[in-house]
Amino acid sequence: MTTQFPENFLWGGAVAANQLEGGYNADGKGFSIQDVTPKGGIGQGGHDADPLITQDPTEDNMKLIGIDFYNRYKEDVKLFAEMGFKVFRTSIAWSRIFPKGDEAEPNEAGLQFYDDLFDECRKYGIEPLVTISHYETPLHLSREYDGWVNRKLVDFYVNYATTVFKRYKDKVKYWLTFNEINSILEAPFMSGGISTPKKELSKQDLYQAIHHELVASAKTVKIGHEINPDFQIGCMVLSMPIYPLTPNPDDVIQAMESDHKNMAFADIHVRGAYPGYMKRYLRENNITIKFEEGDEEALKHTVDFVSFSYYMSICETADPEQKKRGEGNLLGGVPNPHLQASEWGWQIDPKGLRYVLNYFWDRYQKPLFIVENGLGAVDELIEGANGEKTVEDDYRINYLNDHLVQVGEAIEDGVEVMGYTTWGCIDLVSASTAQLKKRYGFIYVDRHDDGSGTLERYKKKSFNWYKEVIATNGKSL
Ligand code: BG6
């Protein structure tokens, strides 16, 4: 490939605390909403919370043990370093720091764990990239406050963010405020800790919760920059190009309106105010957002960069018959007749990544960071040629290679890309389906959905492939 990736390009991998750490009640940690998610997950689209939040964690929840990263992180970080990672994206489990979420003082043992983890990364020259909230709202905040519907969450979150900013100000430079903040539209429980069942949640409450998250995010950006002016603080959105199914202008407008619902989140983070199309949507749906004094000012504290996940594109149509075909799909959308899907029905579209990078760049002229991209697949552990166990995951290599080629194309187009972190660089528990069978990693972890397995780690074929990509700064693609 001829593209030159920038010299300081941040190659790496991404995970989230609740999907790999385990140690769900270790060292004073409180329960998060993920600890009560039963086997099978909350489903693609992340539906109802109602049966979940009243019970305590049950043993069949794969996330309680995860891949035991809490105890094995040194071994894992060493493997990341062997691949040449420049950056490692993880999240801080909010309920390790504030077990219930509404305390004034943090849990020292929880803070110490991340000190140790970040030190371990830095030992190898790996820069941590930290998501402050990744689908792991403390359970108490969900049960007692209905999550982000309640204004009080703003202060709890800001207190938590301030605590970790101060504690890690010399260890962490790159921060993300909320993982896939726009996913609250589809998954109000997983994304927003909202315990009201989705079918009973009014648009008024949903958009008020969104407002609270946006205000909390902007306040956090302001405070972060005061604590350390060198901090780079980004928003994180789920990106998904929405193509019109046909050239019919009705389909084009339908696609635009769906896109607006998603883009509002990044627009507010970058431009510091509600866009006109969103005000229209709120008006026409009789939603009145309660702005508290200072909110408008707070929103003006905009992000340093825009980060996003990218897994798929979807199509939109105004035709109700065609629309039905999309029902049951992750995040809606009608299947694209030109694309193949993964085993979990996610439509694979490498060129969509070039498209999305250009789209964000043209819209914002802010540095972009691809902080999630990858293929969830069933892997088979076999005996390799050298006698060591491995996985011949050419399908994963092809997927990642195709996407990275398109990142190169976008760089050729003039887009400023800061870095790329593959999702689930080590096998972990799926967010939507809570399975370990759906693997993303370069490193295989011997743990299975029936709870069996040694937790041993094995390098897949893609491990060496990625190592080469990083070593050549993308020239081997
Ligand atoms: C993103 C989330 O939506 O997709 C991750 O930020 C998640 O937490 C990833 O793991 C892949 O989804 P899944 O459901 O396959 O784990």
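Our subject is the structure that appears above.
The following paragraphs examine the structure supplied in this document. These numbers come from a predicted model, not from an experiment. (Residues numbered from 1 in each chain as written. Predicted model: local features only at pLDDT ≥ 70, side-chain atom pairs only at ≥ 80, totals over all residues.)

What about the site of the ligand?
This is how the line gets drawn: The rule is simple: place the C-beta atom from the backbone, and if it lies within 6 Å of a molecule or strand, the residue is near it. Under the grouping applied here, Gly and all other residues not named as nonpolar or charged are polar, the nonpolar ones being Ala, Val, Leu, Ile, Met, Phe, Trp, Tyr, Cys and Pro and the charged ones Asp, Glu, Lys and Arg.
Around the ligand sit 14 residues in total, of which Ala 16, Gly 376, Ser 430, Ala 431 and Ser 432 are the nearest. Across the shell around the ligand, the residue classes tally to four nonpolar, seven polar and three charged.

Looking at helix 9 (residues 249–271)
Spelled out, the test is: We count a stretch as a helix when DSSP gives it H or I for four or more residues in a row; a strand needs E for two or more, and each element gets its number in order from the N terminus. A helix is expected to span 1.5 Å multiplied by its residue count minus one. In this analysis the local bend is the angle between axes fitted, respectively, to the seven residues ending at and the seven residues starting at the residue. Contact between two residues is assigned when their C-beta atoms, built from the backbone, lie within 7 Å.
With 23 residues, helix 9 extends only 28 Å from end C-alpha to end C-alpha; this falls clearly short of the ideal 33 Å at 1.5 Å per step. Its maximal kink placed at Met 263, helix 9 deviates by approximately 45°. On its buried face, helix 9 sits against helix 8 (203–227), strand 5 (232–239), strand 6 (242–244), helix 10 (276–284), strand 7 (305–310) and strand 8 (314–316). Backbone geometry just after helix 9 places Gly 272 at a positive phi near 80°.

Considering the sheet that holds strand 3 (residues 127–133)
Quick note on the threshold: Strands were regarded as paired on the criterion that DSSP finds at least two bridges between them. An axis is simply a line fitted to the C-alpha atoms; with a helix, the fit covers only the stretch in contact. Between two such axes, the angle follows the N-to-C directions and lies from 0 to 180 degrees.
Taken in spatial order, the eight strands line up as 1-2-3-4-5-7-9-12 and close into a barrel, and their pairing is parallel. Each strand of the sheet is rotated relative to its neighbour by a mean of 25°, with strand direction disregarded. Sheet topology places strand 7 next to strand 9 (residues 368–372); four bridges connect them, and they run parallel. Note on strand 9: the bridge partner recorded for Phe 308 is Ile 370. Packing of helix 13 (residues 350–364) onto the sheet brings it into contact with strand 5, strand 7, strand 9 and strand 12 (417–423), and relative to strand 7 it is tilted by some 160°. Helix 14 (residues 394–412) rests against strand 9 and strand 12 of the sheet, and its axis sits at about 170° to strand 12.

Thoughts on the environment of Ile 194
Under the convention used in this document: To assign burial, the other C-beta atoms lying within 10 Å of each residue's own C-beta are counted, with C-beta atoms placed from the backbone; 20 or more indicates buried, 12 or fewer indicates exposed, and intermediate counts indicate partly exposed.
By the element assignment, Ile 194 lies in the loop between helix 7 (188–192) and helix 8. In this structure Ile 194 comes out as buried when scored by C-beta crowding, with 27 C-beta atoms within 10 Å. Taking the C-alpha atoms as reference points, Ile 194 and Arg 122, separated by 72 residues in sequence, lie 36 Å from one another. With sequence-adjacent residues up to four places away left out, Ile 194 is seen in contact with Asp 146, Gly 147, Trp 148, Val 149, Pro 188, Phe 189, Leu 201 and Ala 209.

That's the geometry; what it means functionally is another story.
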